[in-house]
Amino acid sequence: MRKTATSSVKTPVSAAAHKTRSLFVHAALYVAVLTLVWWALLPAIAQAYVDPSVMTYTIQALAAVVVALSAVLGVAFRRSRKVLFRLLKIDENANKIVEGAVHKVDIKGAEAANTQMKEILAAEAIRLKEQKEGTLKPKGRIGVAFLVSFFTVFTILVVAPLELVANSARDLSFNLNDVAGPVILAGLVITLILTAVLSLLRKRVFNVAVASVGAIGVASYIQAVFLNGGMPLADGHAVIWSDFTTQMIVSGIIWLAIIAAAVVFSLLRARQFRTSLLVTATGLIIVQAVGVASLWGPAVAAFTDVNTRESQQIYATRDGLFNVSSKKNVVVFVLDTTDTAFVQKLYDEYPETFAPLTGFTWYRNSVGSMIPTRYGIPSLLFGSRPQPGENFNDFVYNWAQSDQYLKDIQDAGYQAGLYTDQLNYSHYRDTAQKYSINYHEPRGRGIDNQLDVLGALCILYKTALCRDMSWVFKPHFWYYTEDLNMRMRKPANLDEVDLSSQPYTEDDLKYYQELQHYGLSIDDSAGQKGSFRFIHLIGSHPPYILDRNVERTEDPSKQNVDEQTMGAYRIVAQYIAELKRLGVYENTSFIVTADHGNWYSTERDIQTPSAPVIMYKPAGQTAEEAAQPMQVSDAPVWHYDILAQTLKDMGADQQMLSNYTTPLDESYEGEARPRYYIETLSDGRRDTFVREFVVNGDANDMKNWSLTGNEWSVEPWHD
């Protein structure tokens, strides 16, 4: 007997047409239901801003819901179709090839059938063995290897770098559009290389290798979404990793469990595990792709708004950085985080550090304004302070509208250069452009091809691994935010670029090298009465990477606040030497200060004084006066006195000065003068509160500090 393949019972044309109509009606009803479901799920327009770092994951979560619902609805579609066919008595196998009738065969035919059956059984035995081991043919291995490699590379080396750049746009010199091309292209190349390597493996070795790669991708995704809570800020401060032992243990166990489970299942249930891995990888690729695409949302919105688009092209450049006036100069060096306590130690142990600061007076009883840098720098340029009951976020967003100080400088006939990247925020840029010579669109030689592609990929991969790897490995990939700016930019040939094309960032080594190369030069082309230069440097801010000679050091014994602070003062000394070379030192008013004193992220009130250094040299000194060693005064001074002093040195009258605090040189020792300082409390991720202290007496004694009761809550920032 033998079987033949024949067609099933013929179906009349009318029955086929009936089946087609039924399929069409079912599909139409399904689309209608699906449309109603998605319509119901559409969110209402949010009337609030969302933190970009959270927004990406929110969109990914929504995308995951969409993928899951699509799978559920797909199953519902197939089952509802079967029910419909059963109710309408439609044969799904109509016109399909099915098993035919049984026929009698002769002996010769039986022998042939037996031989054929043996071959079939042997082939089936091989197939079952390969199926159990999960063996794939070359094309199958390539397909599986590519999808799994693409998923893991996409998760770690594409999604993470792009999200980091997009969410840190305010602090970086390059934006999402600059790095997207190289990151995506490099990710594709790495995917192809990894695919080729995996495809060369066979059988169980291939299964284990693919499972391991896929497990790393899954574990990285879980790490980024669920296990990174409490990560410290990359602000340069040393991280006490022993404080994160619990996180290291928990994430380490989860990683090991994921990888071990993947390897075991790839050996015991190869086909089933591979199918699950491919489905998971595909779903997470879709989810993350939606999240990455959303990163361009703000950029698209900005591009459609002409004013926003033009404003985003304005930032701090190095234009005029090394120019001074032959008439009169007012110079303010802001050495980040340089505390009076740091300076006192150097003054006692390394007094030669301050030998070049002739004609200066060091006011060591000083009180700052606000902390950290994002509040300290605007305080020195806008001057105003939050009032009791005022919304603090609104105060900051509108801070630049208090532009009286910059306007007074302009009215005094002084050309201002504001060299800090802290005014690159959207709510400051327009004011900075209005009152300075260096906030503008980049222009001139060197504007193109500033991105160091290889350097950018290396530092971005480091930051990606820091984010996506288990806590155990994070110390090995830790970085400082400014590392990105330093590594992503090509070294410029100083003779082949215009400073108007180069962005200004706080990079002390770069500044010192340029100062040595260019020196200072006289520029009176603007026809002003003089020049005002506000120059913000890293100063004493960690990480400590420079020594006293302003050279990068890998020697741990030199990586400390003393060495780096001495290096910062060496830069100041070089600037002073240039002023003396040009013969304008005596006619220069010079202030050395900090944006704030020593600071660390804390959830509680500060327990030690935080006093920014304040040193001052007046203009109009005789050569003999300008040559005198630095003097020390304990007169009570305040950060805001710097604004009054600079305007006084520009020739401001008493009516103008009445809007400000007391100039530095009008404070005297023994004066009873309350000064106010606003601290910032943080949960380690963002600012939560700012509180006001009043200081009566010596600011270096915490006993003279007390809270006033004024405090302001800080909401998440949207720019």
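Since we're looking at a predicted model, the values are computed, not measured. (Residues numbered from 1 in each chain as written. Predicted model: local features only at pLDDT ≥ 70, side-chain atom pairs only at ≥ 80, totals over all residues. Heavy atoms only, no water.)

Peer 1: Got a minute to help me understand the pairing of strand S8 (residues 414-419) in this structure?
Peer 2: Remember that side chains alternate between the two faces of the sheet whenever the strand is regular. Burial runs high along S8: six of the six residues are buried. Of the two faces of S8, both are covered, the one formed by Tyr414, Ala416 and Leu418 as well as the one formed by Gln415, Gly417 and Tyr419. Bridging between S8 and strand S11 (residues 530-537) involves six bridges; their strand directions are parallel. The partner of Tyr414 across the bridge, within S11, is Gly530. (Buried < 20%, exposed > 50% of the residue type's maximum accessible area, 1.4 Å probe, protein only. Helix = DSSP H or I, 4+ residues; strand = E, 2+ residues; numbered from the N terminus. Pairing = 2+ DSSP bridges.)

Peer 1: How do you make sense of the side chain of Asn228 when you look at a structure like this?
Peer 2: For Asn228, the location among the structural elements is in the loop between helix H6 (203-227) and helix H7 (245-268). A relative accessible area of 11% means that Asn228 is categorised as buried. Among the polar contacts listed, one links the side chain of Asn228 to the backbone oxygen of Arg467, at a separation of 2.7 Å. (Polar contact = N/O pair within 3.5 Å; in protein donor to acceptor, adjacent residues only side chain to side chain.)

Peer 1: I would appreciate a short explanation of the packing of aromatic side chains in the present structure.
Peer 2: Here the structure, examined in full by the defined rule, presents 29 aromatic pairs. Ring geometry for Tyr425 and Tyr428: centres 6.0 Å apart, planes at 80°, overall edge-to-face. Owing to a relative accessible area of 2%, Tyr428 belongs among the buried residues under this scheme. Over the face of the ring belonging to Tyr585 we find Lys617, whose NZ or CZ atom lies 4.6 Å from the ring centre. (Phe/Tyr/Trp six-rings, centres within 6.5 Å; stacked < 30°, edge-to-face > 60°. Lys NZ or Arg CZ within 6 Å of the ring centre and 35° of its normal.)

Peer 1: Would you explain helix H5 (residues 176-199) in this entry?
Peer 2: The periodicity of an α-helix, 3.6 residues per turn, causes residues three or four positions apart to be oriented the same way. For H5, spanning 24 residues, the distance from its first C-alpha to its last is 33 Å, which sits close to the expected 34 Å at 1.5 Å a residue. Buried within H5 are the following residues: Leu176, Val179, Ala180, Pro182, Val183, Ala186, Gly187, Thr191, Thr195, Leu198 and Ser199. Against the buried residues of H5 lie helix H4 (138-167), H6, helix H16 (453-468) and helix H17 (481-488). Its side-chain oxygen at 3.1 Å from the backbone nitrogen of Asn177, Asn175 defines the N-terminal cap of H5. (Expected span 1.5 Å × (residues − 1). Contact = heavy atoms within 4.5 Å.)

Peer 1: Honestly, the sheet that holds strand S16 (residues 675-682) in this entry has me stumped. Any pointers?
Peer 2: Where strands meet in a sheet, backbone hydrogen bonds hold them as pairs that are either parallel or antiparallel. The strand order across the open sheet built from three strands is S16-S17-S18, with neighbouring strands paired in antiparallel fashion. Looking at strand neighbours, the two that pair on one side only are S16 and strand S18 (705-713), the edges of this open sheet. Strand-to-strand twist of the sheet, defined as the mean angle between neighbouring strand axes without regard to direction, takes the value 30°. As defined by bridge partners, S16 adjoins strand S17 (residues 687-695) across eight bridges and the pair is classed as antiparallel. The partner of Leu681 across the bridge, within S17, is Phe689. (Axes fitted to C-alpha atoms, helices over the stretch in contact; angles between N-to-C directions.)

Peer 1: Is there a simple way to think about the pattern of salt bridges in this case?
Peer 2: When the charged atoms of two side chains with opposite charge come close together, those side chains can pair. Within this structure, the stated rule accounts for 19 salt bridges. Among the ionic pairs, Arg467 bridges to Glu163, the shortest N-O distance being 2.5 Å. Remark: Glu163 occurs in helix H4 and Arg467 occurs in helix H16; sequence separation between them is 304 residues. Arg467 sits in the buried class, given a relative accessible area of 18%. By relative accessible area, which is 2% here, Glu163 ends up buried. Here Glu692 ties to Arg385 by a salt bridge, and the two come within 2.9 Å at their closest N and O atoms. (Salt bridge = Lys/Arg side-chain N within 4 Å of Asp/Glu carboxyl O.)

Peer 1: How should the packing of H4 against H6 be read in this particular structure?
Peer 2: A pair of packed helices is characterised by two quantities: the angle between their axes and the separation of those axes. Their axes nearest at 8 Å, the elements H4 and H6 cross at an angle of 25°. Here H6 runs roughly parallel to H4, going by the angle between their axes. As H4 packs across H6, the resulting crossing turns out to be left-handed. Counted together, Arg141, Val144, Ala145, Val148, Phe151, Thr152, Thr155 and Ile156 of H4 and Phe206, Val210, Val213, Gly214, Ile216, Gly217, Val218, Ser220 and Tyr221 of H6 form the full contact between these two elements. Of the residues contributing to the contact of H4 with H6, the split by class is eleven nonpolar, five polar and one charged. (Parallel < 35°, antiparallel > 145°, perpendicular 65-115°, else oblique. Left-handed = near helix turned anticlockwise from the far one by under 90°. Nonpolar A, V, L, I, M, F, W, Y, C, P; charged D, E, K, R; others polar.)

Peer 1: Before we go on, may I ask you to explain the nonpolar core in this structure?
Peer 2: A general feature of soluble globular proteins is that nonpolar side chains tend to end up buried together. Formed by 102 residues in total, the largest nonpolar core has its most connected members in Phe333, Tyr511, Phe532, Tyr575, Phe590 and Met615. Per-element tally for this core: the top contributor is helix H19 (residues 561-582), with eight residues. If near-sequence neighbours (up to four positions away) are discounted, Tyr511 is found in contact with Arg318, Leu321, Phe322, Phe333, Ile535, Leu537, Ile571 and Tyr575. One finds Leu176, Leu457, Trp471 and Trp478 within the second-largest nonpolar core, a separate group that totals 39 residues. (Core = buried A, V, L, I, M, F, W, Y, C linked by side-chain atoms within 4.5 Å.)

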